[in-house]
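Listed here are the chains, written in short residue letters.
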Amino acid sequence: MIKAMRYLKPFWLSVIAIIALVFVQVQFDLALPDYMSRIVTYGIQYGGITSPQPEMISSETVSHMKYFMSESEINDFENTYQPVSASDPSYPSEADGSEVWMKKEGSEAASAAVEKAFMIASVLSTNPSGEMDPAQLWASLEANPAMAQNIMAMADEQLEGYTEDNLKALKIMMVRNEYNLIGINTEKLQNDFILHEGLIMLGIALCASLAAMASSFLAARTATGACRNMRDDIFTRVESFSSEEFSKFSTASLITRTTNDVQQVQQIITMMLRIVLFAPMMGFTSLFKVLRYKSLAAVLGWAVVLMIVLMIITYTVTIPKFRIVQQMVDRLNLVTREQLEGMLVIRAFNNQKTEEERFDKANSDLTKLNIYLNRVMAVISPVMTFIMSAVSILIIWIGANQVDIGAMQIGDMMAFLQYATHVLISFMIVAMIFIMIPRSSVSAKRIFEVLETEPSIHDPKNPKTLPAGAQTITFDHVSFRYPKAEMNVLEDISFTAKPGETVAFIGSTGSGKSTLINLLPRFFDVTEGAVRYGGVDIREFTQNDLRSVIGYVPQKGVLFSGTVESNLKYADENASEETLRRALEVSQAAEFVDRMEHGIEEPISQGGTNVSGGQKQRLSIARALSKDARVYIFDDTFSALDYQTDAKLREALNRMIRETKATVFIVAQRISTIMHADRIIVLDQGRIAGQGKHEELMKTCEVYQEIAYSQLSQEELGV
Ligand SMILES: Nc1ncnc2c1ncn2[C@@H]1O[C@H](COP(=O)(O)OP(=O)(O)OP(=O)(O)O)[C@@H](O)[C@H]1O
Ligand SMILES: [Mg+2]
């Protein structure tokens, strides 16, 4: 999984941008509960008044306050507040015209003594106990200022049991009273406050959403980009694989790895970029904020522990299954591929039923496992929701008690609830990702198995340049064994082919003809001995250089979807029209291509299914001939042709070769095809049973004689 991260390297700028955006989003998201708390506490509870110190005090109250302040405290008060008359521009428009004291602009908060004097003066004015008429009280205070000391002592006594929050609430209530006294519309004050905070919240929420969208967008782009590169790399790597690696992975698995597995990795990268950063940032910042409220944090702590335990259980139950899922997808792919490719054979042998069962089994195995996994997930999610709800209820219950005893504000409790939800959700997300990571790392591992498989056939470090012109090709005591096979398929093969020569191979099925000629384009490397081109071991050239001089026609004709022309140009994209024409004529394909509706532009369907077997074979030959090669290899390509076409083709080919001096290797089953070759090599169980011209072999080689007689008599009988 870590290795997959290196695919993010080209996108480092995006990754940084995503981190920044996620950070911004978290900050914004987490600011919201605080604002909500302010709206509830100050906006709703305190009527929009945030400070226990009034902005303005009526002169009447000020005159009362002075009874409860010492000289120096009065001084301090006058430093902070100043009298403002109705004519002053800063005079509050709603006031009744009498003088008020307003806080000086930019002044610091008044001292606690001032605050206290204000509170006592206000409380006494409202006459809370109803025992004494306030006017009377003020009059007696005026007469006997020393009384103030008594009153203050009484107030201290009264307020002893008050918590800080309660005291603040009381003070703010007095401020509100005072404002009403002055004539200020406190309701408007409250509405303005709520509106103001609400708008800020809205703005913050908007910014958070924008950041979330931007980071999602970038994350998706980065992940898809990284995975495109990954698929590219897999494909390039697979292209360089030799048959050995193909058989190691199986085509179906290679396809799953390039598609499904990469998809899994892409998913996790997107999640990682977005959520893995988001959740812990959110979780930890919330946790930090929550720690302010110790009494509730414990509840949350237990909930988190419970969730972690639950996650560990899920983890152990599901992870091993996820590993199996990917293998099953492989299996399903394999079965599907095999059946689609072999559809005709399946129908011919009426095996649809068995095949259906085979597919059903692969399919239902996968389905069963997926259902199981989904069930586990389905159980997990309500349990999680239950835990979350339970925690909410607990928080509200405990919080309500706290509010009751005055240790907490309602707004704070609500904020806590939100932070707690953030913490829990973050933990849940992180846990989910921990479930997904192993699943994707199974996929990542499968991808890197492919990427890290070194092809068994590779280019030399210091390749030699390929000699120009026609060259002699030598097989020098070549032996070959397929990887993992027990026996050599080819044993001590030696022969030389000069430029312009035609070398033919004949032998029974499985005698190693295809294997032998596949050594030349290095589809496999020899086990012992060497194949030389112009005297140089072919392993000293790059595969690209070497193959550029070889025109190869495989035993099984393969065409690609496109047109006749695009298939021919597959050999050499710069081939001129003339060359293509000649290739078609030599390969005897011209006659049927000309008869096609669109001629050379005739579309060819995938796998060349819209042409006959023989036509496909001839187009394959034409493709090889479209290339100006030094060596042409025909692996049993003429047996699909009728005798007449076979003969015409060979004749045309010979003419062409005489001009180009190319070397031709022909594998054939029919003696007539190769009778006139310059050299015939008879293979028998991987060994050379004889080599020479037809006439020589007829005299000396028993194996050749056997083949020749069987065919001649057959021809005589058959024709
Ligand atoms: N990829 C492979 N892995 C292992 N063994 C292989 C592989 N391909 C071929 N063989 C074995 O090598 C032997 C020679 O196969 P080869 O294809 O060269 O025969 P051939 O002479 O071309 O036969 P035919 O005339 O049927 O095309 C066979 O016994 C076959 O079982
Ligand atoms: Mg063969």
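This is a predicted model, so every value here is computed, not measured.

1. Here we look at the sheet that holds strand β8 (residues 536–537)
- With antiparallel pairing, the 4 strands of this open sheet are ordered in space as β5-β4-β7-β8. Looking at which strands have only one partner, the edges of the open sheet turn out to be β5 (490–497) and β8.
- Where strand β7 (residues 528–533) lies against β8, 2 bridges are found, and the strand directions are antiparallel. Following the sheet pairing, R532 is matched in β8 by D537.

2. Some words on the site of ligand 1
- Near ligand 1 you find 14 residues, and of these Y482, T509, K513, S514 and T515 are the closest.
- The leading source of residues in the shell around ligand 1 is helix α15 (residues 513–518), at 3 residues.
- Taken together, the residues of the shell around ligand 1 sort by class into 3 nonpolar, 9 polar and 2 charged.

3. Overview of the nonpolar core
- Grouped together as the largest cluster of nonpolar side chains are 69 residues, with contacts concentrated most on A504, V631, I633, F634, I666 and V682.
- When residues of this core are assigned to their parent elements, the largest contribution, 5 residues, is made by helix α20 (residues 613–625).
- Both domain 2 (467–549 + 631–641 + 662–719) and domain 3 (555–628) contribute no fewer than three residues apiece to this core.
- With residues up to four places along the chain from it excluded, the contact list for F634 reads V553, I621, F665, I666 and V667.

4. Quick word on the environment of A205
- Structurally, the position occupied by A205 is in helix α8 (residues 186–239).
- Note: C-alpha distance between A205 and D29 (176 residues apart in sequence) is 6.8 Å.

5. Comments concerning helix α6 (residues 147–159)
- Relative to the 18 Å expected for 13 residues at 1.5 Å per residue, α6 spans 19 Å between its end C-alpha atoms, a close match to the ideal helical length.
- For α6, the buried fraction is low: 0 of the 13 residues fall into the buried class.

6. Let's talk about the domain arrangement of the protein
- With domains assigned, the protein is organised as domain 1 (226–451), domain 2 (467–549 + 631–641 + 662–719) and domain 3 (555–628).
- Taking only C-alpha atoms, the centre of domain 1 and the centre of domain 3 are 49 Å apart.

Here is what the cut-offs are and how they apply
- Residues numbered from 1 in each chain as written.
- Chains lettered and ligands numbered in written order.
- Predicted model: local features only at pLDDT ≥ 70, side-chain atom pairs only at ≥ 80, totals over all residues.
- Pairing = 2+ DSSP bridges.
- Helix = DSSP H or I, 4+ residues; strand = E, 2+ residues; numbered from the N terminus.
- Near = placed C-beta within 6 Å.
- Nonpolar A, V, L, I, M, F, W, Y, C, P; charged D, E, K, R; others polar.
- Core = buried A, V, L, I, M, F, W, Y, C linked by C-beta atoms within 7 Å.
- Buried ≥ 20, exposed ≤ 12 C-beta atoms within 10 Å, placed from the backbone.
- Domains from an automatic or database assignment.
- Contact = placed C-beta atoms within 7 Å.
- Expected span 1.5 Å × (residues − 1).

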